[in-house]
Structure formats: structure tokens, C-alpha cells
Amino acid sequence: MTPTESLPSDIYAIADIHGRADLLEAMLGYIAAVSNDNQSPPVVLFLGDLIDRGPHSPKVLDQVYSTLDRYPGSRLILGNHDFYLRELLRGTLTDEDAINWMDWGGVATVSAYSDRPVPDFKNIAADIRRVFPHHADLLENALTFKEIGRFCFVHAGIRPGVQLESQSEHDLRWIRAGFLDHLDLFDHVVLNGHTITKSLRPEVYSNRIALDTGAYRTGRLSAAVIRHDELSHFVCTELTETGRIEVGEWQPDLKAAADRFLPAF
């Protein structure tokens with residue numbers, strides 16, 4: 001375990017942006033303002049699924065790329081949707097994966113990148129590599145998980161009973177059954193996205209913190225703030241009925257998390 005004194009002052013974990021560049025822009029503005037006030041650069045961890053479903057996937061990748069450059073130690077963890085884009089750019093996207101990707105929101109992504117019709121994937125990939133070479137670099141350098149202190153940051157979750165270094169990449173990007181219903185403690189507190197929470201809010205369990213609040217359809221993007229190796233609070237950027245994006249902080253009642261489940265607010 002990393003000694004607390006060597007940890008970054010604030011870690012922001014942001015999950016499942018899905019093309020909502022507007023919500024992410026507000027979130028990153030909040031992080032920058034807090035960082036300036038504290039005169040301490042944060043670490044920002046993106047828990048995957050930057051793309052698909054929402055309208056502005058290329059802009060989200062630009063935002064994430066700039067954030068990793070701005071805040072040393074910040075990283076992207078590859079989500080299952082991001083995996084498809086990486087495979088497209090590698091030229092290794094299978095026919096089965098291509099069909100699944102298009103069905104699960106990939107049309108919005110490739111249409112935002114290129115005017116070429118689906119399934120002209122070879123030329124779409126060439127267009128992206130030519131205009132957005134840094135997006136390929138971003139995806140190639142993504143992690144499958146990240147450990148910091150007593151926390152593990154991952155896209156989907158982990159397989160109980162399997163050491164982190166032995167976890168399969170498929171489980172880390174896709175797992176639901178066996179993880180979401182696991183009640184015992186893990187070696188780390190796991191922060192995950194991938195599965196939209198029932199409350200559409202961040203949710204705290206005794207063994208994990210769920211952060212996918214369905215940004216692409218709820219208009220709510222959520223982040224957990226880890227401070228001094230503890231969950232400090234949540235930040236959400238939310239599209240209001242008037243069309244404004246508001247930023248709010250919520251403090252969870254961590255004592256209630258001992259009862260296994262607690263909606264954050």
C-alpha cells in the first residue's frame with residue numbers, strides 16, 4: 001500500500017462520459033478552480049467509456065488528452081467502448097465487435113469523426129489517424145486498472161478471489177455478475193463505472209463505489225474525490241431544465257455505508 005503522505009492531495013475519478021463533452025468541460029473547470037485555490041495539482045483518473053451514445057466523442061478525447069498532459073500522474077483506464085475504437089485504429093476490429101459496437105452507440109462516434117458511411121471502417125480509421133493521431137496514442141497508453149493507496153480504479157469491476165495482476169482484461173472491462181452482487185470486502189475499495197446505478201446517483205457500498213450515473217441520458221456526470229486515502233465527497237455536473245450546467249458537491253454519510261449500501265445523496 002502506498003504511504004498516505006506520498007499520495008496526491010486530491011484524486012478525481014470520473015466514469016462513463018459517453019460523448020458528453022459539455023458535462024466534462026464543466027467538471028474540468030471545477031477541478032481547475034479547486035486546484036488553483038489549493039495550489040496543489042490533482043490526479044484525474046478517467047474510468048473509461050469516453051465515447052459512444054453522446055454527440056461529442058472526439059472532443060471528449062481531446063479534453064482527456066489535455067487533462068493527462070496538464071496533471072502529471074493522471075491516467076485513462078480503457079472502457080469496453082473505448083476498446084472498440086482502439087481496435088478500429090489498430091485495424092484489428094472483428095466483424096462481431098463492429099456489429100456490437102454500432103448497436104451500442106458506435107454510430108454516433110464514427111459519424112462524429114468521419115463523413116464516410118458505415119461500414120467503411122478502413123477509411124474511417126485512416127481519417128481518424130490522420131486528423132487525430134493523439135487519440136490513437138491516448139488509447140494505446142490507457143491502463144486496465146490503477147491502484148492508489150487502498151483504492152483500485154477500474155472500468156467495470158474485478159473478479160472476486162483473483163489477484164489484480166491476474167485479472168483478465170475482459171473482466172476488468174465487462175464484468176457485472178459476480179462483482180456487483182459480491183458482498184464481501186476486496187483487498188481494495190473498488191471504484192467502478194460501466195453499470196448505471198439504480199439511483200442515477202453515485203452509490204457507496206462497503207466494498208466499492210459506483211460512479212456511472214448515465215451521463216448520456218441523465219445529463220449527470222459524476223466524480224468521486226479521494227483525499228488522503230479516504231473518500232471525501234462527490235462532484236456532479238448536471239444539465240438543468242433551463243439548459244444550464246450546474247456543478248454540485250455532495251458529502252456521503254460514510255457511517256451508513258457499513259450497512260452495505262448507501263445512495264450518495
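In case you missed it, the structure is sitting above this.
The rules behind the values
- For every chain, the first residue of the written sequence is number 1, and numbering continues from 1 onward in sequence order.
- Only residues with pLDDT of at least 70 get local features here, since the model is predicted, and only at 80 or more are side-chain atom pairs given and counted; chain-wide, interface and lining totals rely on the full set of residues.
- Derived side-chain values reflect all non-hydrogen atoms in the structure, with water molecules and hydrogen atoms excluded from consideration.
- Secondary structure elements are taken from DSSP: a helix is a run of H or I of four residues or more, a strand is a run of E of two residues or more, and numbering for both begins at the N terminus.
- For the radius of gyration, the atoms used are the C-alpha atoms, and the globule rule reads 2.2 Å times the number of residues raised to 0.38.
- A simple rule labels every residue: compare its accessible area, found with a 1.4 Å probe on the protein chains alone, to the largest value its type can have, and call it buried under 20%, exposed over 50%, or partly exposed in between.
- Residue contacts follow a heavy-atom distance rule, with two residues in contact if any of their heavy atoms lie within 4.5 Å.
- Under the convention used here, a 1.4 Å probe and the Shrake-Rupley method define accessible areas, while residue burial counts only the protein chains that appear.
- Positive charges come from Lys and Arg, negative ones from Asp and Glu, while His and the chain ends are left out of the count.
- Charged side chains are reduced to one point each, which is NZ for Lys, CZ for Arg, CG for Asp and CD for Glu.
- The salt bridge criterion pairs a side-chain nitrogen of Lys or Arg with a carboxyl oxygen of Asp or Glu, the two atoms within 4 Å.
- Think of a nonpolar core as a cluster: buried Ala, Val, Leu, Ile, Met, Phe, Trp, Tyr and Cys residues, connected wherever their side-chain atoms sit within 4.5 Å.
- Note: the arc covers the axis-to-C-beta directions of the helix.
- By definition, two strands form a pair when at least two bridges between them are found by DSSP.
- Note on method: axes are straight lines fitted to C-alpha atoms, helices fitted across the in-contact stretch only, with angles between N-to-C directions ranging 0 to 180 degrees.
- Within 6.5 Å between ring centres, the rings of Phe, Tyr and Trp (the latter by its six-membered ring) count as paired, and their orientation is classed by plane angle as stacked under 30 degrees, edge-to-face over 60, tilted in between.
- Our definition puts a charge over a ring when NZ of Lys or CZ of Arg is within 6 Å of the ring centre and also within 35 degrees of the ring normal.

(A) Spatial organisation of the overall build of the chain. Check the secondary structure of the chain and you find eight helices and 12 strands. Compactness check: the chain gives a C-alpha radius of gyration of 18 Å against a globular reference of 18 Å for 265 residues, within 12% of the reference. Principal-axis analysis of the C-alpha atoms gives the chain an extent of 55 × 40 × 35 Å. Expressed as a percentage of the 265 residues in the chain, the buried residues total 54%. Within the chain, residue pairs in contact and separated by at least 24 positions form 61% of the contacts whose partners lie at least 6 positions apart. Working note: accessible area of the chain is about 11,900 Å², and carbon and sulfur atoms make up 49% of it. Mean positive and mean negative side-chain charge positions of the chain (25 and 38 charges, respectively) differ by 2 Å.

(B) Inspection of the pattern of salt bridges at higher detail. Summed over the entire model, instances satisfying the criterion amount to 12 salt bridges. Residues Arg 227 and Asp 10 are paired through a salt bridge, measuring 2.6 Å at the closest nitrogen-oxygen approach. In this pair, Arg 227 sits in strand E9 (residues 220-227) while Asp 10 sits in the segment before strand E1 (11-14), placing the two residues 217 residues apart along the sequence. The partly exposed category is assigned to Arg 227, whose relative accessible area is 29%. Judged by its relative accessible area of 5%, Asp 10 is buried. Here Arg 150 ties to Glu 230 by a salt bridge, and the two come within 2.8 Å at their closest N and O atoms. Note that Arg 150 is positioned in the loop between strand E4 (145-148) and strand E5 (151-154) and Glu 230 in strand E10 (residues 230-239), a separation of 80 residues in sequence. Since its relative accessible area comes to 40%, Glu 230 is described here as partly exposed. Through salt bridges that share partners, Arg 86, Glu 87, Arg 90 and Glu 140 make up one connected network.

(C) Structural context of the nonpolar core. Ile 14, Phe 46, Leu 50, Leu 85 and Leu 88 are the most contacted members of the largest nonpolar core, which totals 47 residues. Contact partners of Leu 88, with chain neighbours within four places excluded, come to Leu 93, Trp 101, Val 110, Phe 121, Ile 124, Ala 125, Ile 128 and Arg 129.

(D) Highlighting helix H5 (residues 121-131). Turning to H5, its buried residues are Phe 121, Ile 124, Ala 125, Asp 127 and Ile 128. Projected down its long axis, H5 carries its buried residues within an arc of 155 degrees, all on one side. Residues of H5 that are exposed and angled more than 90 degrees away from the buried face: Lys 122 and Arg 130.

(E) The arrangement of the sheet that holds strand E11 (residues 245-250) in detail. Pairing within the open sheet is mixed, and its six strands lie in the order E3-E2-E1-E9-E10-E11. In the strand order of this sheet, the two ends are held by strand E3 (75-76) and E11, each with one partner. Here E1 pairs with E9 via four bridges, running antiparallel. Along E9, the bridge assignment pairs Ile 14 with Ala 223. In the packing of helix H1 (residues 21-38) onto the sheet, contacts are made with E1, strand E2 (43-46), E9, E10 and E11, and the angle to E10 comes to roughly 135 degrees. Packed on one face of the sheet, helix H2 (residues 57-70) meets E2 and E3 and runs near 150 degrees to E2.

(F) Quick peek at the packing of aromatic side chains. Counting across every chain of the model gives nine aromatic pairs. Among the aromatic residues, those joined into a cluster by ring pairs are Phe 83, Tyr 84, Trp 101, Trp 104 and Trp 174. Note that Arg 208 overlies the ring of Tyr 205, its terminal NZ or CZ placed 4.1 Å from the centroid.

(G) Structural detail: the pairing of E4. In the sheet, E4 pairs with E5 via four bridges, with the strands oriented antiparallel. Note that in E5 the partner of Lys 146 across the bridge is Phe 153. Taking the residues that link successive antiparallel strands as the turn, the E4-E5 hairpin has two residues, and the phi of Gly 149 there is positive, at about 60 degrees.

Just geometry here; none of it tells us what the structure is for.
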